[in-house]
Amino acid sequence: MSEITGRIIKTYNGYYYVLGRDGVTYTAKVRGRLKKARFLLAAGDWVTLETRGEEGMIETILPRRNLLQRPLVANLDWLFAVFAAKDPAPSFLLIDKLLALAEAYDIPAALVINKCDLAAEGFLEQIRAIYEPLGYPVYFVEARKGKGLDPIRAKMTGLTSAFGGPSGAGKSTLLNHLDPSLTLETGAVSEKIGRGRHTTRFAQLLPFAGGFIVDTPGFGNIDLRELELPSVEAGFRELAPYAGQCRFTGCTHTHEPDCAVKAALQEGKIAQSRYDSSIMIRQELAEQKKRGKKR
């Protein structure tokens, strides 16, 4: 037996498929003492395991940079929020929810707008003006034609990236054009890890450009229960500097006087759509908290 370090690329039926630094994929289970510690293992986790042949026992879980709860995946380098310029119509609220989710889990995020050929006049300029000053890379693409994908491919090289967004935005088309061989590679591993049967709800890592693409079974419904934020402001980069500057503690930034956030909005330092999203998210979180107390 020997001990190696590897990364979990898939979980399935109590088994963990670990890609070792030696390039071998090991079928592994968890050592008993780790089970007693109420462990949580996710695709993307780095682990140590004792191996015999192509089987192994996971001994330890190495420290994580981040952990996304739904879908369950660890150590992401990028989260690409994919939305269509049209069909389906874009929602600033959904965009901001997904970006707030990335902020909550300390995951670098970028915005991808697909179907740019269908965009209404001025929409692309509006998107760029809102999100680029906040530090979010913005990519305009036409996935069906493979246009605009080179900068995204370069950003992903050697890293682990996930794609999220509403159904119909074109995520699958985008991924297929990023790497036409991805489907073939997926088919090659499906015999061992069962991907082709589509019976799992868990994420898995697929090799891509020296790194990985996280294949998620569904990443369109953004569940605000996953937003473990100390405040809504923490999910909005432009609001965070004003936290604690309002006259009233617990200011909702709606009707209170001497509100630093509303003042920044009036001065054009905060986009109206981002302000509106923050208010709606605050209200949704408050309602969920009330419902939780009633149970």
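Residues numbered from 1 in each chain as written. Predicted model: local features only at pLDDT ≥ 70, side-chain atom pairs only at ≥ 80, totals over all residues. Heavy atoms only, no water.

Attention now goes to helix H5 (residues 171–178). For H5, the set of buried residues is Lys171, Leu174, Leu175 and Leu178. The buried residues of H5 occupy one face: seen down the axis, they fall within an arc of 95 degrees. (Buried < 20%, exposed > 50% of the residue type's maximum accessible area, 1.4 Å probe, protein only. Helix = DSSP H or I, 4+ residues; strand = E, 2+ residues; numbered from the N terminus. Arc of directions from axis to C-beta.)

Here we take up the pairing of strand S2 (residues 15–20). Regular strands place their side chains on alternate faces of the sheet. In this sheet, S2 lies alongside strand S1 (residues 2–12) in antiparallel orientation, the contact comprising six bridges. Along S2, the bridge assignment pairs Gly6 with Gly20. In this structure, the hairpin formed by S1 and S2 is closed by a connection of two residues, where Asn13 is found at a positive phi of approximately 55 degrees. One ladder, built from four bridges, connects S2 with strand S3 (residues 25–30); its direction is antiparallel. Pairing of Leu19 across the sheet is with Thr25, part of S3. Here S2 folds back onto S3, and the loop between the two strands holds four residues, one of which, Gly23, carries a positive phi near 85 degrees. (Pairing = 2+ DSSP bridges.)

The next point concerns the environment of Tyr139. Positionally, Tyr139 belongs in strand S10 (residues 138–140). Remark: the alpha-carbon pair of Tyr139 and Leu124, spanning 15 residues in sequence, is separated by 9.8 Å. Ignoring any residue separated from it by four or fewer positions in sequence, one finds Tyr139 in contact with Phe80, Ala110, Leu111, Val112, Ile113, Pro151, Ile152 and Lys155. (Contact = heavy atoms within 4.5 Å.)

Aromatic ring pairs are described here by two measures, namely the spacing of the ring centres and the angle between the planes. Tallied over the entire structure, the rule returns four aromatic pairs. Here the aromatic rings of Trp78 and Phe80 are separated by 6.0 Å at their centres, their planes lie at 35 degrees, and the arrangement is tilted. Among the aromatic residues, those joined into a cluster by ring pairs are Trp78, Phe80, Tyr139 and Phe163. Across from the ring centre of Tyr15, 4.9 Å away, lies the NZ or CZ of Lys29, which sits over that ring. (Phe/Tyr/Trp six-rings, centres within 6.5 Å; stacked < 30°, edge-to-face > 60°. Lys NZ or Arg CZ within 6 Å of the ring centre and 35° of its normal.)

This part covers the nonpolar core. Formed by 36 residues in total, the largest nonpolar core has its most connected members in Leu111, Ile113, Ile127 and Tyr131. Of all the secondary-structure elements, those providing two or more residues to this core are S1, strand S8 (78–84), helix H2 (92–104), strand S9 (109–114), helix H3 (123–131), S10 and strand S13 (211–215). Phe80, Val82, Tyr139 and Leu178 belong to the second largest nonpolar core, which has 18 residues in total. (Core = buried A, V, L, I, M, F, W, Y, C linked by side-chain atoms within 4.5 Å.)

Per the UniProt record, "binding site: Zn(2+)" (unreviewed entry) is found at Cys246, Cys251, His253 and Cys259. Cys246 gets classed as buried once you look at its relative accessible area, which sits at 14%. Residue contacts for Cys246: discarding those within four places in its chain leaves Cys251, His253, Asp258, Cys259, Ala260 and Val261. Summarising the element assignment, His253 is placed in the loop between S13 and helix H7 (260–266). With residues near it in sequence (within four places) discarded, His253 still touches Glu233, Cys246, Cys259, Val261, Lys262, Tyr275, Ile279 and Arg282. (UniProt positions renumbered as here; feature names shortened; annotations may be inferred.)

On average, residues of the chain carry a pLDDT of 86, and 85% of them reach 70 or more. By mean pLDDT, the top-scoring element of the chain is S10 (98), and the lowest-scoring one is helix H6 (residues 182–193) (43). Low pLDDT, under 50, characterises residues 184–200; the stretch is placed with 25 contacts to residues that sit more than four places away or in other chains. (pLDDT = per-residue confidence, 0-100.)

Right, let's get into the pairing of S13. Burial within S13 is extensive, with five of its five residues counted as buried. Relative to S13, strand S11 (residues 160–164) runs parallel, the two sharing three bridges. Directly across from Ser161, in S13, lies its bridge partner Ile213. Inspection of the sheet shows strand S12 (residues 204–208) paired to S13 by five bridges, in the antiparallel sense. Bridge pairing in S13 links Leu205 to Val214. The hairpin turn running from S12 into S13, its antiparallel successor, is two residues long, and Ala209 in that turn takes a positive phi close to 50 degrees.

Mapping Thr51 onto the fold places it in strand S4 (residues 46–52). Taking the relative accessible area as the measure of exposure, Thr51 reaches 5% and is therefore buried. Once you skip the residues sitting within four places of it in the chain, Thr51 turns out to touch Met1, Ser2, Ile4, Tyr26 and Gly56.

This model, assessed by the stated rule, comprises 15 salt bridges. Here Glu233 ties to Arg282 by a salt bridge, and the two come within 2.7 Å at their closest N and O atoms. With Glu233 in the loop between S13 and H7 and Arg282 in helix H8 (residues 272–294), this pair connects stretches of sequence that are 49 residues apart. Judged by relative accessible area, which is 8%, Glu233 ranks as buried. (Salt bridge = Lys/Arg side-chain N within 4 Å of Asp/Glu carboxyl O.)

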